[in-house]
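Here's the letter readout for the chains.
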Amino acid sequence: MRSRPIASLATFATTSCVIALCIAATDAPRRVPVVPCTIQESWNREVVAENSRNYAPSRLTDGGKYRVTIRPPDDRVPMRTLHSWILHVEDMKGAAVDSATICIDGGMPEHGHGLPTRPAVTEALHNGDFRVDGMKFSMSGWWVVKLTIDGPPGPDSIRFNLKLP
Amino acid sequence: MRSGRMSAIVFAATAALVVTGFVRTTAHSSDVWSGEDLGTLRSLSIRAAGPPPPDPSNRFAEDPRAVALGKRLFFDTRLSSNGKVACATCHLPAREFQDGLPLGRGVGVTGRRTMTIVGTAYSPWFFWDGRMDSQWSQALGPLESAVEHGGTRTLYASVVAQGYRREYEQLFGALPSLASLPRSAGPNGNAAERESWAALSDTIRDSVTRVFVNIGKSIAAFERGITYGPSRFDKYVATLTNATNPAAARLSSDEVAGLRLFLGRGQCIRCHTGPMLTDNLFHNVGVADRVGANPDSGRATGVRQVIAGEFNCLGRFSDAKKSECGELTFVVKDGAELVQAFRTPSLRNIARRSPYGHAGQFATLARVLDHYNRAPSASAGHSELEPLRLTPTQLRQLEAFLRTLDGPVIVPAAR
């Protein structure tokens, strides 16, 4: 006898919460939940001539679906310190992409190893900006940061080159 | 006006040439480094270290009262099952805060080499496998190990109550009542001690564990200030970059040749980076287990232990906010590269810390260098090394350079 009203109350509360969440989700000002996502490259030893590496921080993805800009703090990548990046993603018309699943991984092809951490996109901000936490570089030299992006224009990927002093 | 400015430029250029020529002729020819190498050398200098990064998981880390209490606890042999083992038993201040033995010896024998605690405030990971993520949680591990201190949480709480009540309570508040507790009970003790621990209420277990944690936080406060002073290498870098009194800190031609190998063909710089000469990361370098020892999977097991650990940065005994636990949140959790991977040790004062390897497998520096030169395959996982093919002369020069990393150990004065 006692359990039935409690169960009804719980059902009502759950339903209300679900409805409330749906409303919150539809009303949210273009801020989307971040889907946890990782990619793991196998960083096999790879030799790429220095002059054929593109070090530009703003580039088109391999399939041409997005323009991505990487923004380390103060435009300078700190060494051996955990830090955050902002990624800026636009579609080919130059419109900010606010809803996308983005995976990130990095490594040193010449040395055949990955980043010392497993960073992740932790927050989708406004205007096509995404926050990446957990970035860390353990040594100077040539690093590659790989992104896969899946948003309204479709899936695509890009490898950024970094030269850390 | 124009010609006056021109003369000034000519004068400045001439002066610069004269000064450059002077430095070139007075400095030893082997001491000429490229701008890139100079930047690297500066990054390895102890001067680049600065103060250790904050430890938000320990709010007593900078408290002088905790430093003083921690120092006394560090040397207290009552913190052991047989009354004979203190932290200082294996971390001897006169021996670089390590013991010089292949395997640590507390109430029993450990499976690994005792690591030094000098400079560890700069590391996000502790032990050879990084199974702890703070100095305070590291200090707690050996206390509950059956082969190190061999004691339990109730035993240690009673030592604090009897020996340090006033100092403890000034810092951490009132000790819980311990009168009715079993003398030795803890979750990591023997079967009887675990059973006694399980019979205690949650509240009592929590309050005793808090005393245990505060022992660790005090010891960590003392250890935090233990670091390295400048070595001959650091003085050499200082003279290179300041161009003052180069003769005061000259390295021999063999030592300089060794330093060039360290940065270049020896590839030591790949892992031994930064002012502590370690990346504080985990690498499989193909060092075999000791004969007859159980296979040691290194970081592959250590990372699971730190994630599940009761005393990690995200746990309820940590003083850190979740956002301050980035190393643990973004840790590499799995992957073939973690198998038989061990933490890179600092190379500071390395010549004073034989034997080498995670289980003291190498008696001398020469044997370590020979291992890196040959790069044997790993018995498990995959070694990151490739043969260096250095000549005996080059190996000798590399060793000569490593010996220039000897410097003083700085221990904080405690009240």
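Residues numbered from 1 in each chain as written. Chains lettered and ligands numbered in written order. Predicted model: local features only at pLDDT ≥ 70, side-chain atom pairs only at ≥ 80, totals over all residues. Heavy atoms only, no water.

Some remarks on the packing of aromatic side chains
Part 1 of the argument: Within the structure shown, the criterion is met by 14 aromatic pairs over all chains.
Part 2 of the argument: Taken together, B:Trp136, B:Tyr156, B:Phe212, B:Phe311 and B:Phe317 form an aromatic cluster joined through their ring pairs.
Part 3 of the argument: Above the face of the A:Trp142 ring, A:Arg53 is positioned so that its terminal group lies 3.9 Å from the ring centre.
Part 4 of the argument: Taking NZ or CZ as reference, B:Arg260 lies 3.8 Å from the ring centre of B:Trp33, over its face. (Phe/Tyr/Trp six-rings, centres within 6.5 Å; stacked < 30°, edge-to-face > 60°. Lys NZ or Arg CZ within 6 Å of the ring centre and 35° of its normal.)

Observations concerning the packing of helix 3 (residues 64–74) of chain B against helix 9 (residues 202–224) of chain B
Residues and elements named next belong to chain B.
Part 1 of the argument: As a packed pair, helix 3 and helix 9 sit with axes 7 Å apart at the nearest point and diverge in direction by 100 degrees. With respect to helix 9, the element helix 3 is oriented roughly perpendicular. In this structure, helix 3 uses Ala66, Val67, Leu69, Gly70, Lys71, Leu73 and Phe74 to contact helix 9, whose residues at the interface are Ile215, Ser218, Ile219, Ala221, Phe222 and Glu223.
Part 2 of the argument: A class-by-class count of the residues in the contact of helix 3 with helix 9 yields nine nonpolar, two polar and two charged. (Axes fitted to C-alpha atoms, helices over the stretch in contact; angles between N-to-C directions. Helix = DSSP H or I, 4+ residues; strand = E, 2+ residues; numbered from the N terminus. Parallel < 35°, antiparallel > 145°, perpendicular 65-115°, else oblique. Contact = heavy atoms within 4.5 Å. Nonpolar A, V, L, I, M, F, W, Y, C, P; charged D, E, K, R; others polar.)

Quick notes on the domain arrangement of chain B
All names here are of chain B.
Part 1 of the argument: Each assigned domain of chain B is listed with its residue range as follows: domain 1 (1–51 + 232–298 + 339–409) and domain 2 (64–224).
Part 2 of the argument: Once you take the C-alpha centre of each, domain 1 and domain 2 turn out to be 36 Å apart.
Part 3 of the argument: Taken together, the contact between domain 1 and domain 2 spans 23 residues of the former and 23 residues of the latter.
Part 4 of the argument: Counting each side, the surface lost to burial between domain 1 and domain 2 is near 1900 Å², with a carbon and sulfur contribution of 59%.
Part 5 of the argument: Considering only the surface of domain 1 that becomes buried against domain 2, Arg343, Arg353 and Val409 emerge as the three largest contributors, covering 29% of it.
Part 6 of the argument: At the junction of domain 1 and domain 2, the tally comes to two salt bridges.
Part 7 of the argument: For the salt bridge of Arg352 with Glu96, the shortest nitrogen-to-oxygen distance reads 3.1 Å.
Part 8 of the argument: At the boundary of domain 1 and domain 2, one finds 13 residue pairs in polar contact (both at pLDDT 80 or more).
Part 9 of the argument: Here the residues of the side of domain 1 that touches domain 2 are counted per class, giving ten nonpolar, eight polar and five charged. (Domains from an automatic or database assignment. Buried area = accessible area lost by both parts, 1.4 Å probe. Salt bridge = Lys/Arg side-chain N within 4 Å of Asp/Glu carboxyl O. Polar contact = N/O pair within 3.5 Å; in protein donor to acceptor, adjacent residues only side chain to side chain.)

So, the environment of B:Arg95
Residues and elements named next belong to chain B.
Part 1 of the argument: With respect to the helices and strands, Arg95 occurs in the loop between helix 4 (87–90) and helix 5 (135–144).
Part 2 of the argument: Arg95 sits in the partly exposed class, given a relative accessible area of 42%.
Part 3 of the argument: Taking the C-alpha atoms as reference, Arg95 lies 30 Å from Thr40; in sequence the two are 55 residues apart. (Buried < 20%, exposed > 50% of the residue type's maximum accessible area, 1.4 Å probe, protein only.)

Description of the sheet that holds strand 4 (residues 101–108) of chain A
Residues and elements named next belong to chain A.
Part 1 of the argument: Read from one edge of the open sheet, four strands run 5-4-8-9, paired in antiparallel fashion. The outermost strands of the open sheet, each flanked by one partner alone, are strand 5 (113–114) and strand 9 (154–164).
Part 2 of the argument: In this sheet, strand 9 lies alongside strand 8 (residues 141–151) in antiparallel orientation, the contact comprising eleven bridges. Bridge pairing in strand 9 places Lys146 opposite Arg159. (Pairing = 2+ DSSP bridges.)

Here we look at helix 6 (residues 153–163) of chain B
Residue and element names in this part refer to chain B.
Part 1 of the argument: Taken across its eleven residues, helix 6 has nine buried, putting it largely inside the fold.
Part 2 of the argument: Restricting attention to buried positions, one finds in helix 6 the residues Arg153, Thr154, Leu155, Tyr156, Ala157, Ser158, Val159, Val160 and Ala161.
Part 3 of the argument: For helix 6, the elements touching its buried residues are helix 5, helix 7 (165–172), helix 8 (191–198) and helix 9.

Some words on helix 5 of chain B
Residues and elements named next belong to chain B.
Part 1 of the argument: Along helix 5, nine of the ten residues are buried, which leaves the element largely enclosed by surrounding structure.
Part 2 of the argument: Among the residues of helix 5, those classed as buried are Gln135, Trp136, Ser137, Gln138, Ala139, Leu140, Pro142, Leu143 and Glu144.
Part 3 of the argument: Buried residues belonging to helix 5 abut helix 6 and helix 9.

Thoughts on the state of the cysteines
All names here are of chain B.
Part 1 of the argument: Counted by the stated rule, this structure contains one disulfide over all chains.
Part 2 of the argument: Through a disulfide, Cys313 is tied to Cys325; the S-S separation comes to 2.1 Å. Handedness of the Cys313-Cys325 disulfide follows from its S-S torsion of about -75 degrees: it is left-handed. Here the residue Cys313 occupies a position in the loop between helix 12 (299–308) and helix 13 (326–329), and Cys325 occupies one in the loop between helix 12 and helix 13, the gap between them amounting to twelve residues.
Part 3 of the argument: You can see Cys268 has no disulfide; the closest cysteine sulfur is in Cys271, sitting 9.5 Å from it.
Part 4 of the argument: We classify Cys268 as buried; its relative accessible area is 16%. (Disulfide = S-S within 2.5 Å.)

Focus on the pattern of salt bridges
Part 1 of the argument: In the structure shown here, the tally under the stated rule is 30 salt bridges over all chains.
Part 2 of the argument: Linking B:Asp99 and B:Arg113 is a salt bridge whose minimum nitrogen-to-oxygen distance equals 3.1 Å. Of the two residues, B:Asp99 is situated in the loop between helix 4 and helix 5 and B:Arg113 in the loop between helix 4 and helix 5; the sequence distance between them amounts to 14 residues. Each of the two residues, B:Asp99 as well as B:Arg113, counts as buried.
Part 3 of the argument: A salt bridge links B:Asp129 to B:Arg112, with the shortest nitrogen-to-oxygen separation between them at 3.1 Å. A residue pair is termed long-range when its members are at least 10 positions apart, and B:Asp129 in the loop between helix 4 and helix 5 and B:Arg112 in the loop between helix 4 and helix 5 qualify at 17 residues. There is no split in this pair, since B:Asp129 and B:Arg112 are both buried.
Part 4 of the argument: The network of salt bridges with shared partners includes A:Glu50, A:Arg53, A:Glu110 and A:Lys163.

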